[in-house]
Number of protein chains: 2
Amino acid sequence: MTVTLKEVAERAGVSRSAVSRTFTEGASVSAKTREKVQKAADELGYRPSLIARSLATNRTRLIGLVANNFRNPVFLEVFDLFTRVLQERGFRPLLVNLSTETDPQKSLEMLKQYRVDGIIIATSTLPPTFPHAFSKAGVPVVHAFGRFGSEAGVHVVGIDNVRCGEMAAQTLFDRGYRSIALLGGPQSATSTQDRLAGFLSRLKELGLEPADIRFADNYSYSAGKEAMKALLAEKSVEALFCGDDLICMGAMDAARGSGMKIPQDIGFLGFNDMNMAGWSAYDLTTIRQPVRDIILKSVTLVIEMVDDTEQDADTQPFDCSIVERGTLRPLPAS
Amino acid sequence: MTVTLKEVAERAGVSRSAVSRTFTEGASVSAKTREKVQKAADELGYRPSLIARSLATNRTRLIGLVANNFRNPVFLEVFDLFTRVLQERGFRPLLVNLSTETDPQKSLEMLKQYRVDGIIIATSTLPPTFPHAFSKAGVPVVHAFGRFGSEAGVHVVGIDNVRCGEMAAQTLFDRGYRSIALLGGPQSATSTQDRLAGFLSRLKELGLEPADIRFADNYSYSAGKEAMKALLAEKSVEALFCGDDLICMGAMDAARGSGMKIPQDIGFLGFNDMNMAGWSAYDLTTIRQPVRDIILKSVTLVIEMVDDTEQDADTQPFDCSIVERGTLRPLPAS
DNA sequence: CGAATTGTTGCAACCGGTTGCAAGATTCAA
DNA sequence: TTGAATCTTGCAACCGGTTGCAACAATTCG
């Protein structure tokens, strides 16, 4: 069925090595031989088998891409960029969906069986033991959106969530809000924990107590909406810092549903700056996470690790910034 | 570094065949031998190399997953389901991002080099020559969201877009709209062409001319918004059938932006029923495409083709249905 | 108990490439 | 023109598994 090295060699009248060499970067072949081989290969429609090559070279050019949040629109950008950059660099992503997987160990086994050259884990909700397990197995690992310094031997690319929490508290304070609540993502996520910590510590510095602290079950519109309904049933707050734009939009619709106007009656500050935050039905003021930069850096890093050309392993957290839109009252004129 | 068959065999005191057999389904090994091998394998942390196995068996258990629309939220569900179902069945998805790829031929080569066992193409915007190229190469192909009957040898799983177009025209007509426009997705998409055809033919049967026909450049909120702005600058219409919910939401916001109330001043009918269509800020009445069913069927089909256990190759288009929400005036009481 | 049947095992060839090595062919400088 | 240096080429071993085959062991049956 498929054409092999041997057939090309026979047709071109050369050895198998010669054929192999014409198809490997930087091997020594004369122009004459190369031409003969090319011709024969073209006529036969030959493509080298990467499977066979992998076996011989011990390199697969396969990168495992592990994620567990396939329902959040942020991940569209994540997948788009990851796959695109990887394939530009001649690698291919092998996707692992951990949404329902109870046992990360099993996924690890699968990836190991495919002998992936490297792994990118894109999540802020998995325990750090997970990336660590790979690194211990000797596979280059980059943890995108992870928590810094949590596990030795694992490169983390992401933001400083503690700082983001502080930034959120400060931003809301600066605009004159005093009754401030936090509606976080899942409590088990390290990102949630860190943002909460930063949020609380800054609030304390400013002499404030949080008006309410609660968490959505997952990163979804409906989880945000439910949580907000519950909050509104209990108390009223001036402003809310949400752990994710999606959650925030759900919360906004819950507030509007009970007759509130935004930002007159209540302020909202989101997180991520996903596309939809800019939609005029929401026009959400939010903290932008540089997803693009994080992904580009993650891919670059994992490829460097694979090629062993690591240049700057000292990964710094990326900065976040406020994107001003219409869900917070303006800064008081000073 | 990695443990191989040979080492396990030596430690267990058996031949390499025996080890291989304990790890292959349905091979003949005695309980005693299997136990010895298991023990040795566990102690050494051995996992068979799927690369080597693939070379010998000529099966990779890799399924190519080709898509070119990574920015539309519908694809979150697509990716989630595809990856999940595949891995439940013991296959792995090898992702190909065709968003920017100008030359599909190149992607084909890449997939062929990895010797994928099958391919799922999830798009309604690629020319049918693309799936056909794979099928000609002898690789099982399923074209999800494709056009039926367009290419021999390619299994298509999807909906009947002509019927959907008819359904849209009929729905709007039934609600008393007479000045009806279509705002389609990219004109090059077969789905757009088919829906347009159905839409026009039904309108004609009903004795109506379309009030306006235009197309968004891509499946995005902003493309929908821009197109709607342009439309509003030229004329006014009573109702709009959009080729995608995202486009529709953009169009809705454009209408609202020029002071219109929905559904009082203008009606909107979307397509897909993505999650966001249910958000209260839009509450979009839309035509539901059974994405889940399409994907489940696609995966089942491609796996059957790989295993050569094809059961029902006569794939019928799935039905679409109207999801009633709040962007169309109600049916007149009859 | 012996013959026939069925189950288990190891040998060796093979899957489709890569690569170190040594020999042969070229090129270059003197 | 010749010898040294550099290229090019084929051989053969190897990557880590699978599998047909034949030999042998265990079981079943008359």
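Residues numbered from 1 in each chain as written. Chains lettered and ligands numbered in written order. Predicted model: local features only at pLDDT ≥ 70, side-chain atom pairs only at ≥ 80, totals over all residues. Heavy atoms only, no water.

A.B. asks: With reference to specific residues and values, describe the interface of chain B and chain A.
C.D. replies: On the chain A side, the residues contacting the 48 residues of chain B number 48 residues. Together chain B and chain A conceal approximately 5200 Å² of surface at their shared face, both sides included; 61% is due to carbon and sulfur atoms. Counting the contacts that link chain B with chain A gives four salt bridges. When the shortest N-O distance is used, the salt bridge between Arg71(B) and Asp80(A) registers 2.8 Å. Where chain B packs against chain A, one counts 28 residue pairs in polar contact (both at pLDDT 80 or more). Of all the secondary-structure elements, those providing two or more residues to the side of chain B that touches chain A are α4 (50–57), α5 (74–88), β2 (92–97), α6 (104–113), α10 (221–234) and α11 (245–257) of chain B. A per-element tally of the side of chain B that touches chain A places α5(B) first, with eight residues. (Contact = heavy atoms within 4.5 Å. Buried area = accessible area lost by both parts, 1.4 Å probe. Salt bridge = Lys/Arg side-chain N within 4 Å of Asp/Glu carboxyl O. Polar contact = N/O pair within 3.5 Å; in protein donor to acceptor, adjacent residues only side chain to side chain. Helix = DSSP H or I, 4+ residues; strand = E, 2+ residues; numbered from the N terminus.)

A.B. asks: Please give an account of the domain arrangement of chain A that cites residues and values.
C.D. replies: Per the domain assignment, the segments of chain A are domain 1 (5–57), domain 2 (62–159 + 291–318) and domain 3 (161–289). Here domain 1 of chain A and domain 2 of chain A have C-alpha centroids that lie 34 Å from each other. (Domains from an automatic or database assignment.)

A.B. asks: Could you give an account of the packing of aromatic side chains, with specific residues and numbers?
C.D. replies: The tally for this structure, following the rule as stated, stands at 18 aromatic pairs over all chains. On the numbers, 5.9 Å between centres and 65° between planes, the contact of Phe75(B) with Phe79(B) is edge-to-face. Separated by four residues within a single helix, Phe75(B) and Phe79(B) lie in helix α5, roughly one turn from each other. Of the residues examined, Phe75(B) reaches a relative accessible area of 8% and is grouped as buried. Every member of this aromatic cluster is reached through a ring pair, and the members are Phe70(A), Phe75(A), Phe79(A), Phe70(B), Phe75(B) and Phe79(B). Positioned above the aromatic ring of Phe91(A) is the side chain of Arg61(A), whose terminal nitrogen or guanidinium carbon lies 4.2 Å from the ring centre. The positively charged end of Arg178(B) is found above the aromatic ring belonging to Phe173(B), 3.8 Å away from the centroid. (Phe/Tyr/Trp six-rings, centres within 6.5 Å; stacked < 30°, edge-to-face > 60°. Buried < 20%, exposed > 50% of the residue type's maximum accessible area, 1.4 Å probe, protein only. Lys NZ or Arg CZ within 6 Å of the ring centre and 35° of its normal.)

A.B. asks: If you had to explain the protein's contact with DNA strand C to someone new, which residues and values would you point to?
C.D. replies: Of all residues adjacent to DNA strand C, which total 29 residues, the nearest are Leu5(A), Arg16(A), Ser20(A), Arg53(A) and Thr33(B). If you look at DNA strand C and keep only atoms within 4 Å of the protein, 56% of those are sugar or phosphate atoms. Separating a base nitrogen of DNA strand C from a side-chain N or O atom of Arg16(A) is a distance of 2.8 Å. Side-chain polar atom of Tyr46(A) to a sugar or linking oxygen of DNA strand C: 3.1 Å apart, as the coordinates give it. For the surface near DNA strand C, the secondary-structure elements that each account for two or more residues are α2 (16–22) and α4 (50–57) of chain A together with α2 (16–22) and α4 of chain B. Of the residues forming the surface near DNA strand C, the biggest block, five residues, is contributed by α4(A). Broken down by class, the residue content of the surface near DNA strand C amounts to 12 nonpolar, 11 polar and six charged. (Near = heavy atom within 4 Å. Nonpolar A, V, L, I, M, F, W, Y, C, P; charged D, E, K, R; others polar.)

A.B. asks: Describe helix α1 (residues 5–12) of chain B, with residues and values.
C.D. replies: Think of an α-helix as turning once every 3.6 residues; residues three or four places apart then point the same way. Residues and elements named next belong to chain B. Those residues of α1 that fall on the buried side of the exposure criterion are Val8, Ala9 and Ala12. Taken end-on, α1 shows its buried residues confined to a sector of 100°, consistent with a single buried face. Close packing links the buried residues of α1 with α2 and α3 (31–44). Where α1 ends, the next residue or the one after it, glycine 13, has phi of about 70°, a positive value. (Arc of directions from axis to C-beta.)

A.B. asks: Give me the lowdown on the relation of the copies chain B and chain A, citing residues and values where you can.
C.D. replies: It takes a turn of 180° to lay chain B on chain A, together with a shift of 0.0 Å along the axis; the resulting RMSD is 0.1 Å. The two molecules are tied by a two-fold rotation axis, judged by turn and shift. Among all residues of chain B, the minimum C-alpha distance to the rotation axis is found for Leu94(B), at 2.5 Å. A symmetric contact is evident, with 100% of the interface residues of chain B recurring at the interface of chain A. (Least-squares fit on C-alpha atoms with pLDDT ≥ 70 in both.)

A.B. asks: Go over the UniProt feature "domain: HTH lacI-type" (unreviewed entry) in chain A with me, naming the residues and quoting the values.
C.D. replies: As recorded in UniProt, the sites labelled "domain: HTH lacI-type" (unreviewed entry) are residues 3–57 of chain A. The span residues 3–57 of chain A is 67% helical and 0% strand by assignment, and the distance between its end C-alpha atoms comes to 20 Å. (UniProt positions renumbered as here; feature names shortened; annotations may be inferred.)

A.B. asks: I'd like a description of the side chain of Asn97(A), backed by residues and values.
C.D. replies: Tracing the backbone shows Asn97(A) in strand β2 (residues 92–97). According to the relative accessible area criterion, Asn97(A) is buried, its value standing at 0%. For Asn97(A), the side chain forms a polar contact with the side chain of Asp80(B), separated by 2.7 Å.

A.B. asks: I'd love a proper account of the sheet that holds strand β6 (residues 180–184) of chain A, names of residues and values included.
C.D. replies: Residues and elements named next belong to chain A. Read across the sheet, six strands follow the order β7-β6-β8-β9-β10-β11 without closing on themselves; strand pairing throughout is mixed. The two strands at the open ends of the sheet, each matched to only one other strand, are β7 (212–215) and β11 (321–323). Between one strand axis and the next, the sheet turns by 20° as a mean value, whatever way the strands run. As defined by bridge partners, strand β9 (residues 267–272) adjoins strand β10 (residues 286–288) across three bridges and the pair is classed as parallel. Bridge pairing in β10 places glycine 270 opposite threonine 286. Together, β6, β8 (239–242), β9 and β10 form the strand contacts of helix α11 (residues 245–257), whose direction differs from that of β9 by roughly 160°. (Pairing = 2+ DSSP bridges. Axes fitted to C-alpha atoms, helices over the stretch in contact; angles between N-to-C directions.)

A.B. asks: Any chance you could break down the protein's contact with DNA strand D for me, citing the residues and the numbers?
C.D. replies: Surveying the vicinity of DNA strand D reveals 29 residues, the closest of which are Thr33(A), Leu5(B), Arg16(B), Ser20(B) and Arg53(B). In DNA strand D, atoms within 4 Å of the protein come 57% from sugar and phosphate. A distance of 3.4 Å separates a sugar or linking oxygen of DNA strand D from a polar atom in the backbone of Ser49(B). Per-element tally for the surface near DNA strand D: the top contributor is α4(B), with five residues. The class makeup of the residues in the surface near DNA strand D is 12 nonpolar, 11 polar and six charged.

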